Amino acid sequence: FVGSGGWSLGRGLLAARNERRSFRCAPGAGAGTRMMSGPRRKSGLEGEWLSDSATQKAADMLELNEGVVDGGRFAVCSQEGRGKGTQVGGPLNQDSASAGQLTPGMSLLGVFDGHGQDGGTVSQYIAANLPPKIANIEDTLQRAGTMAELALGPLTDVFMECHRELCDPSSGVSAFISGSTGLTVCVISDPNSKRLIVANTGDCRCVLASKGWGGKLSATQLSQDQNPDRADERKRIEGLGGIVGMVDDSGSQPVLYSPDDVEKNGWDLGPARVFWEDGTWNPPYHEFFPGLAMARSFGDQCLDELGVEPIPEVLIHTVKPKDKFIVIASDGVWQVLSNEEVVGAIAGQESDPGKACEACVRLAAEKWDKQGGYRDDITCVLLTFDPPA
């Protein structure tokens with residue numbers, strides 16, 4: 001009754017770009033894959049920010065897009081999951097992504113993982129509406145330099161503004177029990193430096209690949225997964241009256257246990273989830289709602305009072321000559337591949353970002369398929385850095 005990444009997953013890839021850039025749908029990306037021209041929307045930028053949506057039509061289809069931004073090349077690849085027909089939201093891909101040159105001085109890449117009956121619509125809404133809001137605070141982000149605390153406030157404001165507008169009935173999106181995680185990376189380039197501003201809410205992840213001794217690539221995680229059983233997140237949610245626990249659905253009636261009991265007994269009950277208290281504090285709980293597998297997200301309005309809101313964690317990294325690329329991906333990648341495995345899948349193929357990005361997605365899909373049954377939606381965004389002039 002709950003998918004492994006939330007309530008459910010699956011609806012379509014959204015890739016946003018600046019008017020002056022172009023995407024191509026790579027040959028061989030999947031029979032029947034098609035690009036559809038999306039809506040134009042004014043964003044207060046020079047030119048227009050365009051949204052091209054590509055919707056998967058079968059579980060094994062890959063969607064691949066590539067482009068160029070200041071200081072690097074990017075690729076976006078997505079593959080819908082499998083075995084989700086019994087999940088709320090159905091079998092379609094609910095991941096979305098944004099990538100492109102947002103302003104003359106700043107590019108943006110992001111991944112948004114939807115969940116719930118309308119999770120695909122929620123993730124598409126965030127992918128389309130969050131980038132222009134970030135563009136409006138470019139000057140503030142520029143002034144932040146390398147001080148993440150100066151970027152945190154402005155990014156929190158635009159993340160929360162997007163959340164409130166999404167949850168307003170005028171958005172036309174049902175976000176009471178549907179939502180989306182989101183991770184964005186703003187790349188600020190000037191003649192002397194390149195900085196990455198990473199803002200994360202949920203369990204998407206950003207990993208940096210850097211070349212070390214002997215030319216070997218190492219992986220550095222630039223974001224933290226905001227899982228409900230992360231000590232600080234659990235304390236915050238339980239302090240607001242929520243319950244963090246794991247579901248045992250092996251019997252005739254699902255039962256909820258605390259992470260402490262699960263760890264003590266060595267049980268494998270899947271991810272920790274957020275629930276409303278059922279009126280007692282005597283586990284196991286037999287009446288619980290709704291079971292969200294992340295501690296922060298856009299939408300999911302039913303859990304606002306428990307602190308499940310898209311307040312991002314922010315990190316700023318100055319790109320060094322040894323840094324080669326970053327990978328941003330939904331948890332459909334990170335549930336089955338380690339940071340090192342992802343970097344290894346891309347290593348040696350950086351000159352062809354599309355091929356490298358597709359290799360990562362295919363490896364994750366193979367890992368899921370070896371487990372049998374369910375496969376989460378898989379979305380990967382790769383940015384390779386241009387070598388110094």
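Keep in mind the model is a prediction, meaning the values are calculated, not measured.

**Focus: the sheet that holds strand β19 (residues 323-329)**
As a general point, the strands of a sheet are linked pairwise by backbone hydrogen bonds and lie either parallel or antiparallel.
Point 1. The sheet built from six strands is open, its strands ordered β4-β5-β20-β19-β11-β12 with antiparallel pairing. Of all the strands in the sheet, just β4 (62-69) and β12 (217-221) have a single pairing partner and so form its edges. Adjacent strand axes in the sheet meet at a mean angle of 20 degrees when their direction is disregarded.
Point 2. Contacts from helix α7 (residues 339-346) reach β11 (205-211), β12, β19 and β20 (378-385), with the element oriented near 135 degrees to β12.
Point 3. Most of the contacts of helix α8 (residues 353-371) go to β20, to which it runs at about 150 degrees, and overall it touches β4, β5 (72-79) and β20.

**Thoughts on the pattern of salt bridges**
Point 1. Following the criterion strictly, the structure yields 14 salt bridges and no others.
Point 2. Here Glu313 makes a salt bridge to Arg230, at a shortest N to O gap of 2.8 Å. With Glu313 in strand β18 (residues 313-318) and Arg230 in the loop between β12 and α4 (231-239), this pair connects stretches of sequence that are 83 residues apart.
Point 3. The exposure class assigned to Arg230 is buried, which follows from its relative accessible area of 16%.
Point 4. Across the salt bridge formed by Arg296 and Glu233, the nearest N and O atoms sit 2.8 Å from each other. A residue pair is termed long-range when its members are at least 10 positions apart, and Arg296 in the loop between β16 (289-292) and β17 (298-299) and Glu233 in helix α4 qualify at 63 residues.
Point 5. Each of Arg230, Asp232, Glu233, Arg236, Arg296 and Glu313 takes part in salt bridges that share partners, so that together they form one network.

**Regarding the confidence of the model for the chain**
Point 1. When pLDDT is averaged across the chain, the result is 81; 79% of the residues are at 70 or more.
Point 2. Averaged pLDDT values over the elements of the chain bottom out at 25 in strand β2 (residues 36-41) and peak at 98 in β18.
Point 3. Taken as a whole, residues 1-59 scores under 50 in pLDDT and shows 210 contacts with residues more than four places along the chain or in a different chain.
Point 4. Taken together, the stretch residues 85-89 has pLDDT below 50 and engages in 16 contacts with residues farther than four places along the chain or on a different chain.

**A short note on a nonpolar patch on the surface**
Point 1. There is a patch of nonpolar side chains on the surface, built from Phe176, Ile177 and Phe289 and spanning about 270 Å² of accessible area.
Point 2. Within the fold, Phe289 resides in strand β16.

**Structural notes on helix α3 (residues 148-167)**
Two residues of an α-helix separated by three or four positions point the same way, owing to the 3.6 residues in each turn.
Point 1. Compared with an ideal rise of 1.5 Å per residue, which puts 20 residues at 28 Å, α3 spans 28 Å between its outermost C-alpha atoms and is within 8% of the ideal.
Point 2. Listed as buried for α3 are Ala148, Ala151, Pro154, Leu155, Thr156, Val158, Phe159, Met160, Cys162, His163, Leu166 and Cys167.

**Some words on α8**
Point 1. The end-to-end C-alpha distance of α8, which contains 19 residues, comes to 28 Å, matching closely the 27 Å that a straight helix rising 1.5 Å per residue would cover.
Point 2. Taken as a whole, α8 has its buried residues at Pro353, Gly354, Ala356, Cys357, Glu358, Cys360, Val361, Ala364, Ala365 and Trp368.
Point 3. Next to the buried residues of α8 lie β4, β5, α6 (331-334), α7 and β20.
Point 4. Positioned one or two residues after α8, Gly372 has a phi angle of 80 degrees, which is positive.

**As for the layout of surface pockets**
Point 1. Empty space within the second largest pocket amounts to approximately 240 Å³.
Point 2. Residue lining of the second largest pocket: 13 residues in total, with Asp203, Asn227, Pro271, Asp331 and Gln335 positioned closest to the centre.
Point 3. Of the residues that constitute the lining of the second largest pocket, the class distribution is five nonpolar, three polar and five charged.

**Looking at the packing of aromatic side chains**
Point 1. Tallied over the entire structure, the rule returns three aromatic pairs.
Point 2. Arranged with centres 5.8 Å apart and planes meeting at 80 degrees, the rings of Trp368 and Tyr374 form a pair that is edge-to-face. Summarising the burial analysis for this pair, Trp368 and Tyr374 share the class buried.

**Considerations on the nonpolar core**
Point 1. Among the nonpolar cores identified, the biggest contains 31 residues, and Ile126, Leu130, Ile134, Leu141, Leu155 and Ile197 are the most heavily contacted of them.
Point 2. Looking at this core, the elements with two or more residues in it are β7 (106-115), α1 (119-135), α2 (138-144), α3, β9 (182-190), β10 (193-201) and β18.
Point 3. In terms of residues, this core owes the most to one element, α3, which gives eight residues.
Point 4. Those residues in contact with Ile126 that lie beyond four places of it in its chain are Phe112, Pro131, Cys162, Leu166 and Phe298.
Point 5. Leu64, Ile346, Val361 and Trp368 belong to the second-largest nonpolar core, a separate cluster that totals 28 residues.

**What to know about the sheet that holds strand β14 (residues 255-257)**
Point 1. Sheet architecture is open: four strands sit in the order β14-β13-β15-β16, paired in antiparallel fashion. Both edges of this open sheet fall to β14 and β16, since each of them pairs with a single strand only. Pairs of neighbouring strands in the sheet enclose a mean axial angle of 45 degrees, with direction left out of account.
Point 2. Here strand β15 (residues 273-276) pairs with β16 via three bridges, running antiparallel. Counted as the bridge partner of Trp276 is Phe289 from β16.
Point 3. Contacting β13 (242-248) and β15, α4 crosses the sheet at an angle of about 115 degrees to β13.

**Some thoughts on the packing of α1 against α3**
Point 1. Closest axis-to-axis distance for the α1/α3 pair is 10 Å, and the angle between their directions is 140 degrees. Between α1 and α3, the angle is such that the two are oblique. The element α1 and its partner α3 pack so that their crossing is right-handed. Residues Val122, Tyr125, Ile126, Asn129, Leu130, Lys133 and Ile134 of α1 lie in contact with α3, whose contacting residues are Leu155, Val158, Phe159, Glu161, Cys162, Glu165 and Leu166.
Point 2. When the residues that make up the contact of α1 with α3 are grouped by side-chain class, the tally is 10 nonpolar, one polar and three charged.

The rules behind the values
Residues numbered from 1 in each chain as written. Predicted model: local features only at pLDDT ≥ 70, side-chain atom pairs only at ≥ 80, totals over all residues. Heavy atoms only, no water. Pairing = 2+ DSSP bridges. Helix = DSSP H or I, 4+ residues; strand = E, 2+ residues; numbered from the N terminus. Axes fitted to C-alpha atoms, helices over the stretch in contact; angles between N-to-C directions. Contact = heavy atoms within 4.5 Å. Salt bridge = Lys/Arg side-chain N within 4 Å of Asp/Glu carboxyl O. Buried < 20%, exposed > 50% of the residue type's maximum accessible area, 1.4 Å probe, protein only. pLDDT = per-residue confidence, 0-100. Patch = residues over 30% accessible without salt bridge, like charges linked within 9 Å, V, L, I, M, F, W, Y side chains within 5 Å. Areas by Shrake-Rupley, 256 points an atom, 1.4 Å probe, with all protein chains shown as cover. Expected span 1.5 Å × (residues − 1). 1 Å grid on protein atoms, 1.4 Å probe; cavity = no way out; pocket = protein on both sides within 12 Å on 5 of 7 lines; lining within 4 Å. Points joined across faces, edges and corners; volume = space filled by probe spheres on them. Nonpolar A, V, L, I, M, F, W, Y, C, P; charged D, E, K, R; others polar. Phe/Tyr/Trp six-rings, centres within 6.5 Å; stacked < 30°, edge-to-face > 60°. Core = buried A, V, L, I, M, F, W, Y, C linked by side-chain atoms within 4.5 Å. Parallel < 35°, antiparallel > 145°, perpendicular 65-115°, else oblique. Left-handed = near helix turned anticlockwise from the far one by under 90°.

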